[in-house]
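Here are the chains, one letter per residue:
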Amino acid sequence: MGASEFMRAALEEAALGQGTTSPNPPVGAVVVTGGEIVGRGHTQPPGGDHAEVGALREAGERARGATVYVTLEPCDHTGRTPPCTDALIEAGVAAVRFAVLDPAPAADGRGDRHLADAGIDVERGDGEAEAERQLAGYLKHRRTGLPLVVVKFAASLDGRIAASSGDSRWVSGPQTLAWAHRNRPTLDAIVVGSNTVVVDNPQLTARPGGTADGVHQPLRVVLDSRGRTPADAAVLGGGSATMIVTTDASSPAWRAGMQQAGAEVLLLPAADEHLDVEALLAELGGRGMLTVLFEGGGVVLGTLFDRRLVDRVHAVIAPVVIGAGDAPSAVAGRGAERMAQAPRLRDLTVERLGDDTLISGIPVWPDGDGSTEQHEEA
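Reading the values: the criteria
- Residues numbered from 1 in each chain as written.
- Predicted model: local features only at pLDDT ≥ 70, side-chain atom pairs only at ≥ 80, totals over all residues.
- Heavy atoms only, no water.
- Core = buried A, V, L, I, M, F, W, Y, C linked by side-chain atoms within 4.5 Å.
- Buried < 20%, exposed > 50% of the residue type's maximum accessible area, 1.4 Å probe, protein only.
- Helix = DSSP H or I, 4+ residues; strand = E, 2+ residues; numbered from the N terminus.
- Contact = heavy atoms within 4.5 Å.
- Axes fitted to C-alpha atoms, helices over the stretch in contact; angles between N-to-C directions.
- Parallel < 35°, antiparallel > 145°, perpendicular 65-115°, else oblique.
- Left-handed = near helix turned anticlockwise from the far one by under 90°.
- Nonpolar A, V, L, I, M, F, W, Y, C, P; charged D, E, K, R; others polar.

A. Up close: the nonpolar core. Counting residues in hydrophobic clusters, the biggest one holds 39 residues, and the most contacted among them are V30, V31, L56, V68, L88, V93 and V96. Put simply, the parts of the chain that give this core at least two residues each are α1 (5-15), β1 (28-33), α2 (51-59), β3 (67-72), α3 (84-91), β4 (95-100) and α6 (136-144). Considering every element that reaches this core, the biggest residue donor is α1, with five residues. Contact partners of V93, with chain neighbours within four places excluded, come to L56, A63, G65, A66, V68, L88 and I120. Core analysis: the next-biggest nonpolar cluster, separate from the first, contains 32 residues, V149, A155, L301 and A315 among them.

The structure is reproduced here in structure tokens:
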């Protein structure tokens, strides 16, 4: 059973905050009385109102005796803001319907119990599946300390991401590019390898509608173990924050140049002749980042798949055949020796983006006995 009408409205509110709330969850809430929504709210950037408080403020006195629909269990602890449970009780609401229990140690069902003890009619589960998908980054982070790892690539029908010369402009079409820019503001970080920077020179900014003005910008992260990024790379400009992740194989002079260009330089250990991506994920998770997108290239994505670190895949397939045995593939790495070892996607969705096809899903890896292992998102 899907979300109710009013929980869908709360989910729509929550979507307005995605990418801007970390390390807090992007939550949405609506206040309903007499079958009418009288207040809406979504989580503001850290230090600002939580969803319930914003919705109650908009509802005013009409919140008394109302039902509140919220996508996550209301918080019952004091952080940068007071508990939402207290705000709901003081507003005199009659009922609370929330979608998902908060797994954070400070929560653990406390909000649910506090509201019930105060005489409020509390139920959970309305829109649970939808809310778990929307809150996947937060839920994983609170359970593991790590961000949700999303992999995105655009490939030809024969699995190539560029021609044999390295030219990759453009494998996919303009509708795919527009989709990518609409998606970027919902992210905490976008990660690419140095080869992508050298060959494509991307800005990696979010420009929905063609402009970055007033748009949340994710952190731009470049994995560059040996120091290949030039000082005039587009990823260093545009006013958005950039992190260059490298190893001691790069020169101190180059690292100083990256800092002078405005980038933060993070020195990490190497693993298997490449950057230790697990150490990177731990660093990003430690900074409170909930959702991180890896855009390539094939070596970076191959490392993630080899280590079973991928939580979600967005694969754009373009109606073009490149051929050429030495053309780069979307995913490199060691890969699977046998088909039975290859991960397959569950919870598939398929969407047309102009002439391109977007296939999204959650990878499931076979384990040693032939059954499957899937990453937990909720």
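B. Looking closely at the side chain of T85. As for its placement among the helices and strands, T85 is situated in helix α3. Here T85 is in contact with P74, C75, D76, G111, H114 and L115, once residues within four sequence places are set aside.

C. Structural detail: helix α7 (residues 174-183). Those residues of α7 that fall on the buried side of the exposure criterion are T176, W179, A180 and H181. Lining the buried residues of α7 we find β6 (148-155), β14 (312-317), β15 (344-353) and β16 (356-366).

D. Region of the structure containing the packing of α2 against α3. Between α2 and α3, the shortest axis-to-axis distance is 9 Å and the interhelical angle comes to 20°. The angle between α2 and α3 places the two elements in the roughly parallel class. In this structure, the crossing between α2 and α3 has a hand that is left-handed. In this structure, α2 uses E52, V53 and L56 to contact α3, whose residues at the interface are C84, A87, L88 and A91. A breakdown of the residues in the contact of α2 with α3 according to their chemical character gives six nonpolar, no polar and one charged.

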